[in-house]
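A closer look at the structure
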Amino acid sequence: MTSEGQTPMSRSLIVITGPTASGKTRRAVDLARAIGGEIISADSRQIYRGMDLGTGKDLEEYGDTPVHLIDICPAGYKYNLYEYLRDYRAAYDDIVARGRHPILCGGTGLYVESVLKGLSLPEVPENPELRASLRGRTLDELTAILASMKTLHNVTDVDSCQRAIRAIEIQTYYSEHPDAAVAAEPHPLTDALVIGVDVDRDTRRRRISERLRTRLDEGMLDEVRRLLDSGIAPDDLIYYGLEYKYLTLHLTGQLSYDEMVTQLETAIHQFAKRQMTWFRGMERRLPDIPVHWLAHDLPADDFTRRVTALMLNE
């Protein structure tokens, strides 16, 4: 340790990631306090204001630790990867300029992997004519069109018609603007340190179920009701998935309370499984950036000590 609680670091970035309910935030906060770090969120839903319980912000966990890219957009907005990479870079540069250590923390695999790949996406404008020509196509048809334009590594590009159309729009732009395509080529961060918080399946499932019931008891249904009452369209909340999808379906009379809880719990378990599938795939796609998996139940001091050793290449 150096003075003022900071640790010298030979890494450009530390990443703390893992599935939902693994305890990533607590680990990132402990590490930040130990090394003089600041946290950059890698959660695609925690950027929205007023979406707190449903996204698991757990703001009290941060205490006096600075955190970036939380509560930066109004609920109802549809934030995208281009905006995230732009905002991530601004936060990263600010942290480094002040002599602090950036710690990326979150479970949105697309965000984590895009940062580690060193992606820098040019802004791609909307193409109204292209969008009009694709309107009414099925998701399978849109997926086939996109697959003819690029190799589909990222399944989130085709998890809805809206996302698939945007992905086709981006690839069309790149084909018409070769300089933009070159600028979007990845430059992996081979000096990044990636820590995965490892939690066994049974413990993960138990924690997910307990956390869901706690958040319902704390007023998650009222949170979604307030968002609807504020004028946000039900379809816009459903777009965010998981808690906001199922609670909105209940509040609009499409699911009973018990149906909502049962279906939501199943969906979160499935989501956690998909997260782990993504992270395992990321390890294959980025072989030069290994993920160091550490047990979720390591004592805080042991966790920090092991990460610090990895930071210093010990």
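Scroll up to find the structure.
Below: a short report on this structure. (Residues numbered from 1 in each chain as written. Predicted model: local features only at pLDDT ≥ 70, side-chain atom pairs only at ≥ 80, totals over all residues. Heavy atoms only, no water.)

For the rest of this paragraph, the subject is unusual backbone geometry. Non-glycine residue L69 carries a positive phi angle of around 65 degrees. In this structure, L69 sits in the loop between β4 (67–68) and β5 (73–74). A positive phi is found at D71, a non-glycine position, where the angle reads about 60 degrees. Checked against the element boundaries, D71 lands in the loop between β4 and β5. With relative accessibility at 28%, the residue D71 sits in the partly exposed group. (Helix = DSSP H or I, 4+ residues; strand = E, 2+ residues; numbered from the N terminus. Buried < 20%, exposed > 50% of the residue type's maximum accessible area, 1.4 Å probe, protein only.)

So, about the packing of helix α8 (residues 201–217) against helix α12 (residues 257–285). Following both chains from N to C, one finds α8 and α12 inclined at 140 degrees, their axes separated by 10 Å at the closest point. One finds that α8 runs oblique with respect to α12. Of the two elements, α8 crosses α12, and the hand of that crossing is right-handed. Contacts between α8 and α12 involve R204, R205, I208, S209, L212, R213 and L216 on the former and, on the latter, Y257, V261, L264, E265, I268, H269, A272, K273 and M276. For the contact of α8 with α12, the residue count by class is nine nonpolar, two polar and five charged. (Axes fitted to C-alpha atoms, helices over the stretch in contact; angles between N-to-C directions. Parallel < 35°, antiparallel > 145°, perpendicular 65-115°, else oblique. Left-handed = near helix turned anticlockwise from the far one by under 90°. Contact = heavy atoms within 4.5 Å. Nonpolar A, V, L, I, M, F, W, Y, C, P; charged D, E, K, R; others polar.)

As a further point, take the nonpolar core. Across soluble globular proteins, you tend to see nonpolar side chains buried next to one another. Counting 58 residues, the largest nonpolar core has I40, Y84, Y88, L104 and L116 as the members making the most contacts within it. Sorting the residues of this core by element identifies α2 (81–97), α3 (109–117), α8, α9 (220–229), α11 (242–251), α12 and β8 (291–295) as the ones contributing at least two each. Considering every element that reaches this core, the biggest residue donor is α12, with ten residues. When residues no more than four places from it in sequence are discounted, the contact partners of L104 are L13, I14, V15, I16, I40, S41, A42, Y84, Y88, V112 and V115. With 21 residues, the next largest nonpolar core counts L31, I70, I195 and L298 among its residues. (Core = buried A, V, L, I, M, F, W, Y, C linked by side-chain atoms within 4.5 Å.)

Before going further, it helps to examine the pattern of salt bridges. By the definition in use, this model includes 23 salt bridges. Across the pair D58 and R215 runs a salt bridge, and its minimum N-O distance is 3.4 Å. Of this pair, D58 sits in the loop between β3 (48–49) and β4 while R215 sits in helix α8, and the two are 157 residues apart along the sequence. The partner of E113 in a salt bridge is R285, and the shortest N-O contact between them spans 2.8 Å. One end of the pair, E113, is in helix α3; the other, R285, is in helix α12, and 172 residues separate them in sequence. Of the residues examined, R285 reaches a relative accessible area of 30% and is grouped as partly exposed. One continuous salt-bridge network, built from bridges that share partners, spans E38, D94, R98 and R100. (Salt bridge = Lys/Arg side-chain N within 4 Å of Asp/Glu carboxyl O.)

Close contact between α11 and α12 brings their axes to 9 Å; oriented N to C, the two are set at 165 degrees. Between α11 and α12, the angle falls in the class roughly antiparallel. Regarding α11 and α12, the two cross each other, and that crossing is right-handed. Along the contact surface, α11 presents L242, E243, Y246, L247 and H250, while α12 presents Y257, M260, Q263, L264, A267, I268 and F271. Considering only residue class, the contact of α11 with α12 consists of nine nonpolar, two polar and one charged.

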